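# Notes for the structure review
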Amino acid sequence: MPVGRPRAFDEDEVVRAAVDLFGGRAYDGVSVDDLVSHLGVHRNSLYKTFGSKRGLYLMALRRHLADDVRPLLDALAGASDAAAALRLVTSADLRLLLLATIERAPADEEVASEVTAALAAVDQAISDALGVPADLAAALTAAALGILLRGNPDDATTALAQHLDPLT
């Protein structure tokens, strides 16, 4: 039985590069041709390894959650106050999570499940660290994500952090 050619790419590197690509342009902004040219993977290899663009996207999203969101959760455990938690969230690389929340979660149940679980974990980490009710932690998460969406998180975070002390 003939053996196929060995894979000419590192799957882990391709998935990490896909995190950056999808995090910068979103799912609908990335074509299969973009993936082929930016990731250095032949079209057939992409389909054979990941099944589809969506398959690669889901792997990239899960990698982002493991590599970027999980460390944020660990860091939030040490947050001493709401301002510190806000700074941690707004300084994390959450581009793919934000884009997945806005663009893919409304149309894809599997993405929605991943996003919902990740955001709930952030809320819980904030609630646990600060000893605040879950709804207040969720509001703080929403504020931090809103700051990221609007851009210039340093100025907005500083302005909001000045008013957060009474919350905790």
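Residues numbered from 1 in each chain as written. Predicted model: local features only at pLDDT ≥ 70, side-chain atom pairs only at ≥ 80, totals over all residues. Heavy atoms only, no water.

### Things to note about the pattern of salt bridges
- For the structure shown, the criterion picks out 14 salt bridges.
- Linking D68 and R16 is a salt bridge whose minimum nitrogen-to-oxygen distance equals 3.0 Å. Taken as a pair, D68 in helix α4 (residues 53–76) and R16 in helix α1 (residues 11–25) lie far apart in primary sequence, 52 residues in all.
- Residue classification places D68 among the buried residues on the basis of a relative accessible area of 16%.
- Residue classification places R16 among the partly exposed residues on the basis of a relative accessible area of 24%.
- Note that D34 is salt-bridged to R25, the shortest N-O span being 2.4 Å.
- Here R25 falls in the partly exposed class, since its relative accessible area comes to 34%. (Salt bridge = Lys/Arg side-chain N within 4 Å of Asp/Glu carboxyl O. Helix = DSSP H or I, 4+ residues; strand = E, 2+ residues; numbered from the N terminus. Buried < 20%, exposed > 50% of the residue type's maximum accessible area, 1.4 Å probe, protein only.)

### Notes on the packing of helix α6 (residues 95–104) against helix α7 (residues 109–130)
- Following both chains from N to C, one finds α6 and α7 inclined at 135°, their axes separated by 10 Å at the closest point. Taken as axis vectors, α6 and α7 run oblique relative to one another. Here the hand of the crossing between α6 and α7 comes out left-handed. Here α6 contributes L97, A100, T101 and R104 to the contact with α7, which in turn contributes V111, V115, A118 and L119.
- Its residues assigned to classes, the contact of α6 with α7 comprises 6 nonpolar, 1 polar and 1 charged. (Axes fitted to C-alpha atoms, helices over the stretch in contact; angles between N-to-C directions. Parallel < 35°, antiparallel > 145°, perpendicular 65-115°, else oblique. Left-handed = near helix turned anticlockwise from the far one by under 90°. Contact = heavy atoms within 4.5 Å. Nonpolar A, V, L, I, M, F, W, Y, C, P; charged D, E, K, R; others polar.)

### A look at the packing of aromatic side chains
- Scanning the entire structure with this criterion turns up 3 aromatic pairs.
- On the basis of an interplanar angle of 15° and a centroid distance of 6.0 Å, the ring pair of F22 and Y27 is categorised as stacked. Judged on exposure class, the residue F22 and its partner Y27 are both buried.
- The lysine or arginine in question, K53, covers the ring of Y27, its NZ or CZ lying 4.1 Å from the ring centre. (Phe/Tyr/Trp six-rings, centres within 6.5 Å; stacked < 30°, edge-to-face > 60°. Lys NZ or Arg CZ within 6 Å of the ring centre and 35° of its normal.)

### Re unusual backbone geometry
- Even without a glycine there, the phi angle at A26 is positive, about 70°.
- Along the polypeptide, A26 turns up in the loop between α1 and α2 (32–39).

### Digging into the packing of α2 against helix α3 (residues 43–50)
- Here α2 crosses α3 at 100°, and the two axes come no closer than 10 Å. With respect to their mutual orientation, α2 and α3 come out roughly perpendicular. Contact residues: V32, D33, L35 and V36 in α2; R43, L46 and Y47 in α3.

### A few points about α2
- Regarding α2, the residues found buried are V32, D34, L35 and L39. For α2, the buried positions fall inside an angular range of 155° around the axis, keeping them on one side.
- Looking at the packing, one finds that the buried side of α2 touches α1, α3 and α4.
- Backbone geometry just downstream of α2 places G40 in the positive-phi region, at approximately 70°. (Arc of directions from axis to C-beta.)

### A closer look at the nonpolar core
- The biggest cluster of nonpolar side chains holds 51 residues, and the ones touching the most others in it are F22, L56, V89, L94 and I126.
- Elements with a minimum of two residues in this core: α1, α2, α3, α4, α5 (82–91), α6, α7 and α8 (134–150).
- Per-element accounting of this core gives the leading share, 10 residues, to α4.
- Not counting chain neighbours up to four residues away, the residues in contact with L56 comprise V15, A18, F22, L35, L39, L46 and F50. (Core = buried A, V, L, I, M, F, W, Y, C linked by side-chain atoms within 4.5 Å.)

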